[in-house]
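Chain residues, written in single-letter form:
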Amino acid sequence: MVFNPPTDAGTLTSVGIDVGTTTTHVVVSELAVESAGASGSEKLAIGDRTVRFRGPVHETPLIDPETVDIDAVAELIASDLKTAGVAPEAIDTGAVIVTGETARTANAEPLAYQLADESGSFVVATAGAALEAILAGQGAGSAAYAADSGTTVANVDIGGGTTNTAIFDADGVVETRCLDVGGRLVGVADGKVTKLADPACTVSEAHGLGLAVGDPVDRETLSALATAMAGLVIDSLLGPPYDPLTRQLSIGSLPDEPQAIDSIVFTGGVGRLIGEYTAAAEDDPFAYNDLGPLLAGALSDAAADTGMTVTRLSEDLRATVIGAGTHTTQLSGRTVFIDLDLLPLRNLPVVSAGSLADIDDSDLTAAFSTVLSQATQRYDVRDVGGVAIAIDDVGDLSYDRLRAVAASFAAALQDGYSASVPIVVVTEQNCAKALGQLLRARCADWPLTVIDELAVSTGSYLDIGEPIAHGETVPAVVKTLVFGS
Amino acid sequence: MTTTNPPDDHDDRLDRIADRNPSRLGVGRAGSRPRTQTLLEFRSDHGIARDAVQSHVSDALVEEMGLFAIQTLVEDKDAYLARPDKGREIAAETAELLREECQQSPQVQLIVADGLSSTAIEKNIPDLLPILLDGLDQRGLDVGTPIFVTYGRVDVMDAIGEELDAESCLVLIGERPGLATAESLSAYMVYGPERGTPTAKKTVISNIHAGGLPPVEAGAEIVDLIAEMCDKQASGLDLTAADREFAKG
C-alpha cells in the first residue's frame, strides 16, 4: 500500500439507537480509523471508540402493546441528536437496533428502516436476540475484558422483555443464550397486577403461583415468580441439561454443550439494578411498576450460589446501544474494487460459495453456477437489489488461479443471473482489486463491486457504505435480520 | 544450566501475541543464551537473507516474462553493494542500445530490477507482471518495452525513463531482505522521469510478498496508481498533496 501516516485515516461519527421493550436511547460515538501496523499493508481497523453523547433514557412510546409509535420514537431521536449537536449529514455510520419484545411488534421492521433512513447516510437497521446479546457484551466491555484477562465471561443483558446472554473468551464470541425473561413481563400499579405477559404466565403456572391480572399485589408471590425467573436465567448459563421451562422460554436454540464460565457481567435495565440493589429497592420493590427490582435481587442471590464471580463494568444500562453505535461497523481491506454509483448498498442477501481451494479450475464454473442458482432461487435478485457472493478461500493467490476464478464467475453470471442487477463479491483473502480487475475485463457493463478481508456467511445480510479514509476502505455491516420471528 | 520458558509452557495469551507478529517473541532462553532451536532458525533466516542479496535472477525468468535485459554500470555483486551510485546509471552504449531496441516515448515504462533481493523477483514477478500488464492495457495506457536491469537501484528508472523519453516510469525492485522475509518487493513510480528526480516525487508501494500485500493484488493496485499519476500528471508527494490537510501556521 501507499505510505500514509496512520493518523491520516480520521474518525467516523457513529450513532447507536436502541428501541427496546421498555426504553429507547441514543448514543453518539467517535470511531478512530487506524492502521494496524507500520508496514502499510495491513488493513485499516476501528481503534479507539469514544462515546461522545449519551442520550437520556426514554420510555419507548407505544400506541398499544403490539404497536410502537414510530413518529413519537422518531421525534425523540431527532430531538436527542439535536441536543447532541449532530446533524444527520455529519453521521457516517451506525445502527438502529430494535430489541427485546419490541422486535416482535407488528411494525418493528418499518420502524427500524425509517429510523435508519432519517439518521444518516449509512445507518443500518438490525434486529435479533443473538445480535443484541453480542452488541450488549461488546458495548459493556465484556468482550474486551475477556480478551484482556484471557477468561471466559458471560454478559447477561436483562431488559424489560428478554435476557440476552453472550459468552466471550479471549478470541471473541463463543455462543449466545437468549430467554424470554425480563422485568416488564409483569406490570404493577395501584396495588394491583396490571400486566402478565405470556412468559410470566408460563412460569407462574409451572410453579403453581396462580398469578392473574387484577390480583392484588402480593410481594411473596411476586418474589417467588422473580426467584423462579432468575433460576431459569442461571439454568440457561449452566446447562445443558436444561430445565424444560428454560427450553420453553428460550429464544432460538440453546447450545448442546455446557460452557465453563469464569465470571458474569449483568447489563441492561435489570442488570443495572443488580449493581444498585440496595435497601431502598428492598423498601419499595415496585418503584418502577414492574418486577425489575425483585428480579434483580433474585438474580443477585442466584448468581452468588453458582460460585461464578459477578463482575461490574462501567457500562450497564446502555450496553446494547453503545454496542450498536460502536461495534456494528467493520472495515474492508485497503485495496478494493468498487463502483461508486452502486454505494451505499443495503440489505444485500449473502450466499456463500464457501472455500474453493479444493476445486479445480475446470470445475469452477459449475461451482459458481450452483451458488448463483441458490441465490436466484432464494431471493428475487432484481427485487432485493442484487446479492453478495462470499468466497471464503479462492485457492492459491496466483494470477492463473484468479484469472480462472474470474473467467468462471463471469461465465456463470452471464448464464444464470439477471442482466444488469448488481453483484457484489466478498473475499476473505486480500485479492479484491485483482479479482475486480479480472472480472471487469470479462463483464464490462455489469454493476460490480468486489471487497475483501471480511468474513460473511449464507443467510446474513450485508450493507456497504461509501469509501472513507481517502477512498482506501469501505465500511461494511454484516447483519442477521430476524424481524418478527 | 537452566532452560526457562520452553515453548510448550506458554501462556495462551503470549501465544496470541506471538502469532500476530513475525518477530521472535517468547522464544525462551538457555541460561543467558538463545536456545539451540532459536539460534538455528536465526542462522537459517540470515542465510536466506544473504542468498537473496548474493544470488542472481535466472535468465529463464527474464525470458519467460519477455523482458529486455540490460545492466547498470556495476560489474559484480561486491561493486553493487559498495557503489550505489553506479547502480543508478547506465553506460552510453546501453542507452544507445535501449533507443535502438525499445519503444520510444511510451506512456508507461516498466522496469524490473534485482535490487537487494533476487528472491523477491523470482517469487513475485510471475504473479504481479501479468495482472499489471492486463490492467494497464484495460486502461488504454501505452506500455513500452518491459526492461530487466541487473544490479539496479531504484533511481535507475530516472536514467532509463529519460533516455527513452517515457511519460512515467515504474520499477519493481527487490527490497533489502530482513530476518522475517527475504522475498519482499517494492514498486517505485515516477511521473516525468529524469536524472536527479528527488525521492519526494516518487510514489511507492512496499511490502509486496505472500505474507504482506499479495503480488497479484499489488499488480491491480499499481494499475490504479499509474492511471492516477498519468491523469494528474504528478507522482510522490505532488500526487497525495491534495489529499492531505497540513496544519497551517
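Definitions and limits used
- Throughout, residues of each chain are indexed from 1 in the direction in which the sequence is written.
- Starting at A for chains and at 1 for ligands, labels are handed out in the order in which the entities are written.
- The model is predicted, so local features are restricted to residues of pLDDT at least 70 and side-chain atom pairs to those at 80 or more, both for listing and for counting; the totals for chains, interfaces and linings are taken over all residues.
- Remark: hydrogens and water are excluded; side-chain values derive from all non-hydrogen atoms of the structure.
- Secondary structure elements are defined from DSSP: runs of H or I of at least 4 residues count as helices, runs of E of at least 2 residues count as strands, and each element is numbered from the N terminus.
- A simple rule labels every residue: compare its accessible area, found with a 1.4 Å probe on the protein chains alone, to the largest value its type can have, and call it buried under 20%, exposed over 50%, or partly exposed in between.
- In this description, contact between two residues means that some pair of their heavy atoms is separated by no more than 4.5 Å.
- When charges are counted, neither His nor the chain ends are considered; positive counts come from Lys and Arg and negative counts from Asp and Glu.
- For this purpose, a charge sits on NZ of Lys, CZ of Arg, CG of Asp or CD of Glu.
- Interaxial angle, 0 to 180 degrees, is taken between N-to-C directions of lines fitted to C-alpha atoms, where a helix line uses only the stretch in contact.
- Convention used here: angles under 35 degrees read as roughly parallel, angles over 145 as roughly antiparallel, angles from 65 to 115 as roughly perpendicular, and any remaining angle as oblique.
- Definitions for this section: a left-handed crossing has its near helix turned counterclockwise from the far helix by less than a right angle. A right-handed crossing has that turn clockwise.
- A pairing counts as a salt bridge when a side-chain nitrogen of Lys or Arg comes within 4 Å of a carboxyl oxygen of Asp or Glu.
- We define a nonpolar core as any set of buried Ala, Val, Leu, Ile, Met, Phe, Trp, Tyr and Cys residues linked to one another through side-chain atoms lying within 4.5 Å.
- Predictor confidence is given residue by residue as pLDDT, running from a minimum of 0 to a maximum of 100.
- An automatic or database domain assignment is the source of the domain bounds shown.
- Accessible-area loss on putting two parts together, using a 1.4 Å probe and summing over both, is the definition of buried area adopted here.
- Polar contact is the term for a pair of N or O atoms within 3.5 Å; when the atoms are in protein, one must be able to donate a hydrogen and the other to accept it, and sequence-neighboring residues count only if both atoms are side-chain atoms.
- Residues are sorted three ways: Asp, Glu, Lys and Arg are charged, Ala, Val, Leu, Ile, Met, Phe, Trp, Tyr, Cys and Pro are nonpolar, and all the rest, Gly among them, are polar.

Considerations on the overall build of chain B
Along chain B, the regular secondary structure elements total 9 helices and 8 strands. With the C-alpha coordinates aligned to their principal axes, the bounding extent of chain B is approximately 70 × 50 × 40 Å. When the 249 residues of chain B are sorted by exposure, 48% land in the buried category. Considering only residue pairs separated by 6 or more positions, chain B has 73% of its internal contacts joining residues 24 or more positions apart. Seen as two clouds, the 24 positive and the 44 negative side-chain charges of chain B have centres 11 Å apart.

A word on helix α5 (residues 198-206) of chain A
Listed as buried for α5(A) are A:Pro199, A:Ala200, A:Thr202, A:Val203 and A:Ser204. Packed against the buried residues of α5(A) are β12 (186-189), β13 (192-196), α6 (219-238) and α7 (244-249) of chain A.

Things to note about the packing of helix α15 (residues 432-442) of chain A against helix α8 (residues 215-232) of chain B
Direction vectors running N to C along α15(A) and α8(B) enclose 70°, while the axes themselves pass 7 Å from each other. The angle between α15(A) and α8(B) falls in the class roughly perpendicular. Pair α15(A) / α8(B) crosses with left-handed handedness. Contacts between α15(A) and α8(B) pair A:Ala432, A:Lys433, A:Ala434 and A:Gln437 from the former with B:Val216, B:Glu217, B:Ala220, B:Glu221, B:Val223 and B:Asp224 from the latter.

A closer look at the pattern of salt bridges
Counting across every chain of the model gives 20 salt bridges over all chains. For A:Arg184, the salt bridge is made with A:Asp290, and the minimal N-O distance between the two is 2.8 Å. Highlighted residues: A:Arg184 in the loop between β11 (172-179) and β12 and A:Asp290 in the loop between α9 (279-283) and α10 (292-306), separated in sequence by 106 residues. The partner of A:Lys433 in a salt bridge is B:Asp224, and the shortest N-O contact between them spans 2.7 Å. Of this pair, A:Lys433 sits in helix α15 while B:Asp224 sits in helix α8, placing the two residues on different chains. Residue classification places A:Lys433 among the buried positions, given a relative accessible area of 10%. Given the relative accessible area of 27%, B:Asp224 is considered partly exposed.

Focus: the side chain of B:Asp114
Along the chain, the position of B:Asp114 falls in the loop between β4 (108-113) and α6 (118-138). In this structure B:Asp114 touches B:Val57, B:Lys77, B:Ile121, B:Phe148, B:Val149, B:Thr150, B:Tyr151, B:Gly152, B:Ile173 and B:Gly174, once residues within four positions along its chain are discounted.

Brief notes about the nonpolar core
Residues A:Leu222, A:Met229 and A:Leu299 are the most contacted members of the largest nonpolar core, which totals 43 residues. When residues no more than four places from it in sequence are discounted, the contact partners of A:Leu299 are A:Ile158, A:Ala230, A:Val233, A:Phe266, A:Val270 and A:Ile274. In this structure, A:Leu402, A:Leu448, A:Val450 and B:Val216 belong to the second largest nonpolar core, which totals 41 residues.

Quick word on the confidence of the model for chain B
In the predicted model, chain B carries a mean pLDDT of 90, and 92% of its residues have values of at least 70. A low-confidence stretch, residues 244-249 of chain B (pLDDT under 50), is modelled with 3 contacts involving residues beyond four sequence positions or located in other chains.

Let's talk about the domain arrangement of chain A
Residues and elements named next belong to chain A. Each domain of chain A was delimited in the assignment, giving domain 1 (6-128), domain 2 (142-313) and domain 3 (339-466). Opposite the 6 residues of domain 1 that make contact, domain 2 presents 9 residues. Between domain 1 and domain 2, the buried area comes to about 510 Å², and carbon and sulfur atoms account for 42% of it. The largest share of the area that domain 1 buries against domain 2 comes from Thr22, Glu101 and Arg104, three residues that together contribute 68% of it. Counting the contacts that link domain 1 with domain 2 gives 1 salt bridge. Taking the shortest distance from any N to any O, the salt bridge between Arg184 and Glu59 comes out at 3.5 Å.

Regarding the interface of chain B and chain A
Counting from both sides, the interface comprises 25 residues of chain B and, opposite them, 29 residues of chain A. Of the roughly 2300 Å² buried between chain B and chain A on both sides combined, carbon and sulfur atoms contribute 53%. At the boundary of chain B and chain A, one finds 2 salt bridges. Its salt-bridge partner being B:Glu221, residue A:Lys433 comes within 3.2 Å of it at the nearest N-O pair. Here chain B and chain A share 10 residue pairs in polar contact (both at pLDDT 80 or more) between them. Elements with a minimum of two residues in the side of chain B that touches chain A: α1 (12-19), α6, β8 (202-208) and α8 of chain B. Tallied by class, the residues present in the side of chain B that touches chain A amount to 11 nonpolar, 5 polar and 9 charged.

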